[in-house]
Amino acid sequence: MNGLRLVLAAFAALTLIGCGQARQDTYEQQLMAFGTLVDISLYGVEPQQARQAVEAVDALFQQQHHDWHAWQRGELDSLNQAIAAGRSQQVDASIVHLIELGQRFERLSHGLFNPAIGHLLKLWGFQQDAPGHSPPDPAAVRRWVQAAPSTLQLHIDGGRVSSSNRAVKLDFGGFAKGYSVDTAVRLLEQRGIHNLIVNAGGDLCLRGRHGERPWRIGIRSADGAGVLASMDLEGAHCVFTSGDYERYFEYRGKRYTHILDPRSGYPAAGVHSVTVVTSDAALGDAALADAAATALFVAGVPDWQRIARAMSVDDILLVGTDGITYVTDALRPLVHFEQPPAHLESVRLDAQLAP
Ligand code: ADP
Ligand code: MG
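Please read all numbers here as calculations on a predicted model, not as lab measurements.

## Structural notes on the state of the cysteines
In step 1: Applying the stated criterion to the full structure yields 1 disulfide.
In step 2: Paired through a disulfide, Cys-205 and Cys-238 show a sulfur-sulfur distance of 2.1 Å. The S-S bond linking Cys-205 to Cys-238 shows a torsion near 100 degrees; that makes this disulfide right-handed. Here Cys-205, found in strand 8 (residues 203-208), pairs with Cys-238, found in strand 11 (residues 235-243); they are 33 residues apart in sequence, far enough to count as distant. Like Cys-238, Cys-205 is buried.

## Considering the packing of helix 2 (residues 47-68) against helix 7 (residues 176-190)
In step 1: Across the interface, helix 2 lies against helix 7 with an axial gap of 10 Å and an inter-helix angle of 150 degrees. With respect to each other, helix 2 and helix 7 are oriented roughly antiparallel. The way helix 2 lies across helix 7 gives a crossing that is right-handed. Across from Ala-53, Ala-56, Val-57, Leu-60, Phe-61, Gln-64 and Trp-68 in helix 2, the residues of helix 7 making contact are Ala-176, Tyr-179, Ser-180, Thr-183, Ala-184, Leu-187 and Leu-188.
In step 2: Of the residues that constitute the contact of helix 2 with helix 7, the class distribution is 11 nonpolar, 3 polar and no charged.

## A word on the confidence of the model for the protein
Regions with low pLDDT should not have their predicted coordinates read in detail.
In step 1: Per-residue confidence for the protein gives a mean pLDDT of 89, with 90% of residues at or over 70.
In step 2: The low-confidence segment residues 1-19 (pLDDT under 50) makes 18 contacts with residues lying over four places distant or belonging to another chain.

## Section: the site of ligand 1
In step 1: The full set close to ligand 1 counts 20 residues, and Asn-114, Asp-171, Ser-242, Leu-260 and Asp-290 are the nearest of them.
In step 2: Asn-114 is positioned with one of its backbone polar atoms (N or O) 2.8 Å from a nitrogen atom of ligand 1.
In step 3: Between Thr-294 and ligand 1, the recorded distance is 3.1 Å, taken from a side-chain N or O atom to an oxygen atom.
In step 4: About the coverage of ligand 1: the protein hides 92% of its 580 Å² of free accessible area.
In step 5: Of all the elements in the fold, those that place two or more residues in the shell around ligand 1 are strand 11 and helix 8 (285-310).
In step 6: A breakdown of the residues in the shell around ligand 1 according to their chemical character gives 8 nonpolar, 8 polar and 4 charged.

## A look at the nonpolar core
In step 1: Formed by 75 residues in total, the largest nonpolar core has its most connected members in Leu-42 and Ile-316.
In step 2: Looking at this core, the element that brings in the most residues is helix 8, giving 15 residues.
In step 3: Apart from the residues lying within four places of it in its own chain, the contact partners of Leu-42 are Asp-25, Thr-26, Tyr-27, Ala-50, Val-54, Leu-188, Ile-193, Asn-195 and Leu-196.
In step 4: With 18 residues, the next largest nonpolar core counts Leu-206, Trp-215, Ile-219 and Met-231 among its residues.

## Remarks on the packing of aromatic side chains
In step 1: Taken as a whole, this structure holds 11 aromatic pairs when the rule is applied.
In step 2: Judged by centre distance (5.3 Å) and plane angle (75 degrees), the rings of Trp-124 and Tyr-266 are edge-to-face. Residue Trp-124 is located in the loop between helix 5 (118-123) and helix 6 (138-147), and its partner Tyr-266 is located in strand 15 (residues 266-267); the two are separated by 142 residues in the primary sequence.
In step 3: In this structure Trp-124 comes out as buried when scored by relative accessible area, which is 1%.
In step 4: Here the aromatic residues Trp-124, Phe-126, Phe-249, Tyr-256 and Tyr-266 are joined through ring pairs into a cluster of three or more.
In step 5: Lying across the ring of Tyr-248, Arg-255 places its NZ or CZ 3.9 Å from the centre.

## As for the coordination of the magnesium ion (ligand 2)
In step 1: Bound to the magnesium ion (ligand 2) are the protein donor atoms Gly-174 (O), Asp-290 (O), Asp-290 (OD) and Thr-294 (OG1), situated 2.1 to 2.5 Å from the metal.
In step 2: Between the donor residues of the magnesium ion (ligand 2), the gaps in sequence give the motif G-x115-D-x3-T. Separated by 4 residues within a single helix, Asp-290 and Thr-294 lie in helix 8, roughly one turn from each other. Accessibility assignment for this pair places Asp-290 and Thr-294 in one class, buried.

Reading the values: the criteria
As a convention, each chain's residues are numbered from 1 in the sequence order in which they are written. All chains are assigned letters beginning with A, and all ligands numbers beginning with 1, in the order in which they are written. In keeping with the predicted nature of the model, local features appear solely for residues at pLDDT of at least 70, side-chain atom pairs appear and are counted solely at 80 or more, and the whole-chain, interface and lining totals rest on all residues. Excluding hydrogens and water, the side-chain values take into account all heavy atoms of the structure. Only a pair of cysteine sulfur atoms within 2.5 Å counts as a disulfide in this structure description. Secondary structure elements follow DSSP: runs of H or I of four or more residues count as helices, runs of E of two or more count as strands, with numbering from the N terminus. Throughout this description, buried means an accessible area under 20% of the type-specific maximum (1.4 Å probe, protein chains only), exposed means over 50%, and partly exposed covers the range between. Inter-axis angles, ranging from 0 to 180 degrees, are taken between N-to-C directions of lines fitted to C-alpha atoms, where helices are fitted over the stretch in contact. Geometric relationships in this document are graded by angle, where less than 35 degrees denotes roughly parallel, more than 145 denotes roughly antiparallel, 65 to 115 denotes roughly perpendicular, and other angles denote oblique. Handedness of each helix crossing follows the sense of rotation of the near helix against the far helix: counterclockwise by less than a right angle gives left-handed, clockwise gives right-handed. We call two residues in contact when some of their heavy atoms are within 4.5 Å. The residue classification treats Ala, Val, Leu, Ile, Met, Phe, Trp, Tyr, Cys and Pro as nonpolar and Asp, Glu, Lys and Arg as charged. All others, Gly included, are polar. By definition, pLDDT measures how confident the predictor is in each residue, and it falls between 0 and 100. In this text, near means that some heavy atom of the residue lies within 4 Å of the molecule or strand in question. Identification of polar contacts relies on pairs of N or O atoms within 3.5 Å, with a donor-acceptor requirement for protein atoms, meaning one able to donate a hydrogen and the other able to accept it, and with residues adjacent in sequence counted only if both atoms are side-chain atoms. Accessibility throughout is a Shrake-Rupley quantity obtained with a 1.4 Å probe, and a residue counts as covered only by protein chains that appear here. Throughout this description, the term nonpolar core refers to a set of buried Ala, Val, Leu, Ile, Met, Phe, Trp, Tyr and Cys residues connected via side-chain atoms within 4.5 Å. Side-chain rings of Phe, Tyr and Trp (the six-membered ring for Trp) are treated as a pair once their centres are within 6.5 Å; stacked means planes under 30 degrees apart, edge-to-face means over 60, and tilted covers the remaining angles. A positively charged side chain is recorded as over a ring if its NZ (Lys) or CZ (Arg) lies within 6 Å of the ring centre. The angle to the ring normal must also be within 35 degrees. Donors, by definition, are the N, O and S atoms found within 2.8 Å of a metal, the threshold being 3.2 Å for Na, K and Ca, and water is not counted, so a site can look incomplete.

See below:
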């Protein structure tokens, strides 16, 4: 499936990159970044201003992709090597910022979101372009769990980073896309553009509206192939989905997905997909939505409500492997399902006190 996606992406990139389209006051252009297609829609902007703005976003994305890549050579890779060798390392301000955000998300999610999980992802074969084929040696997984790496073991002194635990290996895959989308939105706003969507492969932020009407956006379906529901949104929102169809391998009839539970060292199970909508979050809308979607995926059906309250996210749609689609009361009125789910359960998140 990944192979197919790559081929499609390459085809679309060849045909569309470089030819921005202006249609009914909407300027649309597609970029290739972070291994995914990014659609940028700008409303009511002169084509030349729009083109220059999109070029600036493209340059920003390419730089970030290089700097933050978890297993190709770059800033993050050399920091990870230094940590493994017990050395401290001077890093760029954007990496410091990502580490600090990662620490906040780890704390808020009670450790279910853990960007120090790189070695475990590698063990499972998810730090390579095509995922692995079979589960790793259980003893190696156990050793990782016992070593208990955490971003909270990182010490930042100015721009120098060190770790008290050499088992820490940073991987920002759970929220870097969100953080990038946040930076892209900020860049567009700084250029005076206030009606926009930045959509990175179905994960998106929007601002303003589409002329006289709100923006209409889709939520990906749990199999990743189609649209589960649509929403009409205006103002400032981000919509991020984590799904078990993104990156996975199958072994002896069982699916192993790329979102891992740091408590067990095994892929999280029990959720097909979880969508989080944020609105004007202080931490950065998209980074929070991205991290929360991953954290709630790990939390699973029994625990997602507690973690949602802890992370202060209210608008959630979660499709469980139990056949139930859960939607929070706050989000329910905004969601128009393409096909009404067989079992839809409304959840009042504020029904219990936050821990
Ligand atoms: P997608 O939108 O592609 O489903 P996610 O936002 O859910 O992606 O992030 C999945 C990525 O997050 C993984 O590929 C890995 O890099 C990283 N990751 C996996 N498990 C965790 C975890 N428990 N905490 C933080 N990051 C994780
Ligand atoms: Mg995420």
